[in-house]
Amino acid sequence: MKIQLLADNIGSWIIPYAKKLQSLLLELNHDVELIHSHEDIQKGDVLVLLSCEQILKNLNLNVHNLVVHESALPQGKGWSPLTWQILEGKNKIPITLFEATQKIDAGVIYDQDYILLDGNELVEELHSLQGEKTIELIMKFIKNYPTTTFKKQKGVESFYPKRTPKDSELDIEKTINEQFNLLRVCDNEKYPAFFYKNGIKYYIKISKAI
């Protein structure tokens, strides 16, 4: 089987997990290539969209175009569903493997599972859980192919908006405990938590004591 793994942001946290997935699929004697541009997509059997900042327009080159999304579709379509649900106080995060279509997050569902949190994970740990569960779902699909079943999305859909640096702002009138989930999902380097005091912007970085 010819499989392509697309991660168009080479600086993304997903890259180590993409490489691990590639190695596991190669062990199963599949033809697997990790690519970083939409222009590199070739004809094949399965394209896995792991970290894509652009909407894929050409879905005809591969038999299947797979996406993993951290929500119970059709609920939670859109951007950063894991982050938004953690901010909602959830510790059981649904994760869905589905077929990409021209309409955002609207394709048929192949598999669904959950990521279980204890409420203390910081962003690196969240990425690890997310990456490992992504590998698990993709490997299950490939191993069961072509007997994999699917179901259409049903129910009322909802959408999460795209997050911006502004979403990492802390409220100095609230306690740390009240804003702990926001601190958990902030990246210390790419989008650190911050607040304003007397017109001055301050950053706060969080890590666990060893």
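This report concerns the structure included in the present document. (Residues numbered from 1 in each chain as written. Predicted model: local features only at pLDDT ≥ 70, side-chain atom pairs only at ≥ 80, totals over all residues. Heavy atoms only, no water.)

1. Considering the packing of helix α1 (residues 15-27) against helix α3 (residues 123-144)
Rules: An axis is simply a line fitted to the C-alpha atoms; with a helix, the fit covers only the stretch in contact. Between two such axes, the angle follows the N-to-C directions and lies from 0 to 180 degrees. Under the scheme used here, helices are H or I runs from DSSP no shorter than 4 residues and strands are E runs no shorter than 2 residues, and both carry numbers assigned from the N terminus. By the definition adopted for this analysis, an angle is roughly parallel if under 35 degrees, roughly antiparallel if over 145, roughly perpendicular if from 65 to 115, and oblique otherwise. Crossings are assigned a handedness: left-handed for a near helix turned anticlockwise from the far helix by less than a right angle, right-handed for a clockwise turn. Working rule for contacts: check all heavy atoms of both residues, and any pair within 4.5 Å makes them a contact. Gly falls in the polar group here, along with every residue not listed as nonpolar (Ala, Val, Leu, Ile, Met, Phe, Trp, Tyr, Cys, Pro) or charged (Asp, Glu, Lys, Arg).
Contact geometry for α1 and α3: axes closest at 10 Å, N-to-C directions at 25°. As judged from the angle between their axes, α1 and α3 are roughly parallel. Our pair here, α1 against α3, has a crossing hand that is right-handed. Counting all contacts with α1, which are made through Tyr17, Lys20, Leu21, Leu24 and Leu25, the residues of α3 involved are His127, Ser128, Gly131, Glu132, Ile135, Ile138, Met139 and Ile142. Of the residues in the contact of α1 with α3, the class split is eight nonpolar, three polar and two charged.

2. Considerations on the packing of aromatic side chains
What counts, and what does not: Only the six-membered ring of Trp is used, alongside the rings of Phe and Tyr, when aromatic pairs are assigned; centres must lie within 6.5 Å, and planes under 30 degrees apart are stacked while those over 60 apart are edge-to-face, with the rest tilted. Each residue gets one of three labels from its accessible area relative to the maximum for its type: buried under 20%, exposed over 50%, partly exposed in between, using a 1.4 Å probe on protein chains only. In this scheme, the term charge over a ring applies when either NZ of a lysine or CZ of an arginine sits within 6 Å of the ring centre and within 35 degrees of the ring normal.
Overall, the coordinates contain seven aromatic pairs when judged by the stated rule. For the ring pair tryptophan 84 and tyrosine 160, a centre distance of 6.2 Å and an interplane angle of 5° mean the geometry is stacked. Here tyrosine 160 lies in strand β8 (residues 159-160) and tryptophan 84 lies in helix α2 (residues 81-87), a separation of 76 residues in the sequence. An identical accessibility class is assigned to tryptophan 84 and tyrosine 160; each is buried. With a centroid separation of 5.3 Å and an interplanar angle of 20°, the aromatic rings of phenylalanine 195 and tyrosine 202 are classed as stacked. The class for phenylalanine 195 is buried, based on a relative accessible area of 18%. The rings of Tyr110, Phe141, Tyr145 and Phe150 are connected pair by pair, giving a single aromatic cluster. Against the face of tyrosine 114 rests lysine 92, its NZ or CZ located 4.3 Å from the ring centre. For lysine 201, the ring lying beneath its charged end belongs to phenylalanine 194, and the centroid distance is 4.3 Å.

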